[in-house]
Each structure stands twice: as structure tokens, then as C-alpha cells.
Amino acid sequence: MYNKLNAALAAGALIASAMTAHATELRLSHQWSTSDVRHQVAQIVADEVAAAGVDLEVKIFPSKSLFKPREQYKPLSRGQLDMTVFPLSYAGGQQPAFNLTLMPGLVKNHDHAARLNESDFMGKIEEIMAEDDVMVLVHGYLAGGFVGKDKCITAPADVQGLQTRAAGKAFEQMLAGAGASIASMASSEIYNAMQTGVLNAANTSSSSFVSYRIYEQVACYTPASDFALWFMYQPLLMNKSAYDGLNDAQKAALNAGAAKAEAFYLEEAKKQDAASAKVFADNGVEIASMSQEEFDAWRDLAKETSYKAFVEQTPGGQELLDMALSVE
């Protein structure tokens, strides 16, 4: 009797185990709130996969609840995390080539960013990711601008002597070249740093400025408009081995969701800049704009600082920079 009971329990456990193994859960991590466009991109993929009924679930962990913002690429490459929406330049320390995905003045506008996503330059970046067992599911660039706690930031002279947060190494180099002191932190930490007086100025994406309510802490906002100095590649990435381990139906569902999410991402990215300016203005923040002359001054400074440092510090850096600059 005892043996029969044990056998029945073991058989039940085996069936349950088989059923559990059949349904695959993918863990997706990101640093933003659930109102942010990058969460919405992840949600589209998760919803499309769920609707496909292919025994696959994408479970999203928003608001840096699973990993710290800058610490997601390594666990992704090691298979400890399946997916992430991630500013690729955050991993520039591991792969210096990734710093080129956040380079001042390199991207002119959102349509130009979309062309970069389809270019040989991005193909080369994806080759480097593949070496880390990482692949791109959804391409996406977001634009951004500057905020000043006490004054407007439009020209290089405006940041001289200010404690400034820059998104990415290249922007830090350029701003340091303009005489700013640099404080490195994730965009999710800007609000507290402004509130406590650690920061006088910052730059990040239009979306982050709104989702982190930075308008509560600043006097002036310079959004991306005719001249956007700041464009950052922030794709939805996946561990390649995790993707390869899916069956054909699961891959098809994931790819279909990714295609829908990428089209949404581009359209929303275009809307973010004007929408962010309205939110800041509605909250009593002064709105400034960058002129062609000021944009050119920033780019000239970038050529002498960020571009130069990238080429010196990155194997094959000049070739990569030329590939990016060749995209019209």
C-alpha cells in the first residue's frame, strides 16, 4: 500500500513537472515606472506573446525591482536574466563600442535614428552583443534634453561650474570639456540629487524627465526640438541562448510582438519630446530652445572630447564612428 501510494505521488509529481517544463516564463527587467514608454514597449511584447497561446509568459519587473539600472547587462549575458529594456551605453565599460550608441550630435532626428537601426553600423554593434550571448528584439532610440535647477542650459558656457548629471560617458566627456563637474548616476536618481542639492543640471531622455517628475525640481527645461543633441539607443534585449531554446511557435510569437512594439516605440519616441515640454510648461517650468549656433558649438566640443576619446579608447573605434557618420 505504502509503495503504491509513493508510486502514485511520484507519477503525479512527474506529470506536474512535465506540465511546468512545458510552460516557459521569461523574466524581463527594466528601471522605469509602468507609465513610461519603455515599459509600454515591454508590455506590448508580453501581451502579444500571451495572446498567441504558445505556453510562453513574459513576466515584467519594472522600477528596478529585480536588478539595479546599470547592472542588467551582465546577468542578461550570463543567462540569469532573460530580457531587459536597457540603455546600451550603460554597458560601455564591458564593451567600449557601445558608447557610440550615446554620442553627442551623432543622431539628427527620430527618422535618422530609425535608419541607423537598419544600418551596417548597428549590424556591427549586434555582432559585438552576440559575443556576449545577447541579441536585440526591439530597436529604439529616445531623444532628450537638459534641465537646470536655477537657469537654462542651451550652450556649452551654460554648464561651466555646475554639478551636472550626464547620461553616458561621451556626454560626461563633452560636459567636462565645457567646464562642468560630473556626477554619475542612473536617471532614476536625478530627482533626489536635485532635491538634495547634489545636482544643478542634468540631461536624460524626454520620457525619463517626465516619468521621474523632474519638473518638480527645476527652473528651466531645454527639450529636444529642431536641434536634439541627445539621442540614446535603448533597445529591448534578450539572452540569445534563452531565445534559441524556445520552440518555433514561441519564437514567432515573440518576433511578432517585437515588430509591433518597435513600430509603437518609434511613433511614441517622436511624440515624447513635445509632450514632455508641455508637461514641464504646465508645471510652471521655463522652456528654452537650442539654436543652430549653439548646437554646432556643442558638436564642435564633442569632436574634440567625446569623439576623440572614443576613437583613442576603442579598438576599431574610428571605423565604427565612420560607419555611424556615413548614415544619412
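The shown structure was predicted, so the numbers you read here are calculated from the model rather than taken from an experiment. (Residues numbered from 1 in each chain as written. Predicted model: local features only at pLDDT ≥ 70, side-chain atom pairs only at ≥ 80, totals over all residues. Heavy atoms only, no water.)

### A few points about helix H2 (residues 37-52)
Next, step 1: If you check H2, its first and last C-alpha atoms are 23 Å apart, about what 16 residues at 1.5 Å a residue would give, namely 22 Å.
Next, step 2: Within H2, burial applies to Val-37, Arg-38, His-39, Val-41, Ala-42, Ile-44, Val-45, Ala-46 and Val-49.
Next, step 3: Taken from the residues just after H2, Gly-53 is the one with a positive phi, measuring 60°. (Helix = DSSP H or I, 4+ residues; strand = E, 2+ residues; numbered from the N terminus. Expected span 1.5 Å × (residues − 1). Buried < 20%, exposed > 50% of the residue type's maximum accessible area, 1.4 Å probe, protein only.)

### Remarks on the pairing of strand S2 (residues 56-61)
Next, step 1: Sheet topology note: the strand S1 (residues 24-29)/S2 ladder contains six bridges and is parallel. Bridge pairing in S2 places Ser-29 opposite Phe-61.
Next, step 2: You can see the chain leave S1, run along H2 and come back into S2, and the turn it takes is right-handed. (Pairing = 2+ DSSP bridges. Right-handed = clockwise from strand over helix to strand, strands pointing away.)

### Some thoughts on helix H5 (residues 120-131)
Next, step 1: For H5, which comprises twelve residues, the first-to-last C-alpha distance of 17 Å matches the rise-based estimate of 16 Å (1.5 Å per residue) to within 8%.
Next, step 2: Along H5, the residues classified as buried are Phe-121, Met-122, Ile-125, Ile-128 and Met-129. All buried residues of H5 project into a common sector of 115° when viewed along the axis, lining one side. Of the residues in H5, the exposed ones pointing more than 90 degrees away from the buried face are Asp-120 and Glu-131. (Arc of directions from axis to C-beta.)

### What to know about the pattern of salt bridges
Next, step 1: According to the stated counting rule, one finds ten salt bridges in the structure shown.
Next, step 2: When the shortest N-O distance is used, the salt bridge between Asp-36 and Arg-38 registers 2.8 Å.
Next, step 3: In this structure Arg-38 comes out as buried when scored by relative accessible area, which is 1%.
Next, step 4: In this structure, the salt-bridge partner of Lys-240 is Asp-244, at a minimum N-O distance of 3.2 Å. Here Asp-244 and Lys-240 lie together in helix H9 (residues 240-244), a separation of four residues that amounts to about one turn.
Next, step 5: A single salt-bridge network, built from bridges that share partners, covers Asp-111, Glu-267 and Lys-270. (Salt bridge = Lys/Arg side-chain N within 4 Å of Asp/Glu carboxyl O.)

### Description of the packing of helix H6 (residues 169-177) against helix H11 (residues 292-313)
When two helices pack together, their arrangement is given by the angle between the helix axes and the distance between those axes.
Next, step 1: Between H6 and H11, the least distance of the axes is 9 Å, while the angle of their chain directions is 130°. Regarding the angle of H6 to H11, the classification is oblique. When the axes of H6 and H11 are compared, the crossing they make is right-handed. Facing Lys-169, Ala-170, Gln-173, Met-174, Leu-175 and Gly-177 of H6, the residues of H11 in contact are Trp-298, Leu-301, Ala-302, Thr-305, Ser-306, Ala-309 and Gln-313. (Axes fitted to C-alpha atoms, helices over the stretch in contact; angles between N-to-C directions. Parallel < 35°, antiparallel > 145°, perpendicular 65-115°, else oblique. Left-handed = near helix turned anticlockwise from the far one by under 90°. Contact = heavy atoms within 4.5 Å.)

### Description of the packing of aromatic side chains
Next, step 1: Summed over all chains, the structure comprises ten aromatic pairs.
Next, step 2: Where Phe-146 meets Trp-298, the ring centres are 5.4 Å apart and the plane angle is 15°; that geometry is what we call stacked. Taken as a pair, Phe-146 in strand S5 (residues 141-148) and Trp-298 in helix H11 lie far apart in primary sequence, 152 residues in all.
Next, step 3: Take Phe-146: its relative accessible area is 4%, and that puts it in the buried class.
Next, step 4: A relative accessible area of 0% places Trp-298 in the buried class.
Next, step 5: Note on Phe-209 and Phe-280: the rings are 6.0 Å apart at their centroids and 85° apart in plane angle, and the pair reads as edge-to-face. One end of the pair, Phe-209, is in helix H8 (residues 206-211); the other, Phe-280, is in helix H10 (residues 248-282), with 71 residues separating them in the sequence.
Next, step 6: What makes Phe-280 buried here is its relative accessible area of 0%. (Phe/Tyr/Trp six-rings, centres within 6.5 Å; stacked < 30°, edge-to-face > 60°.)

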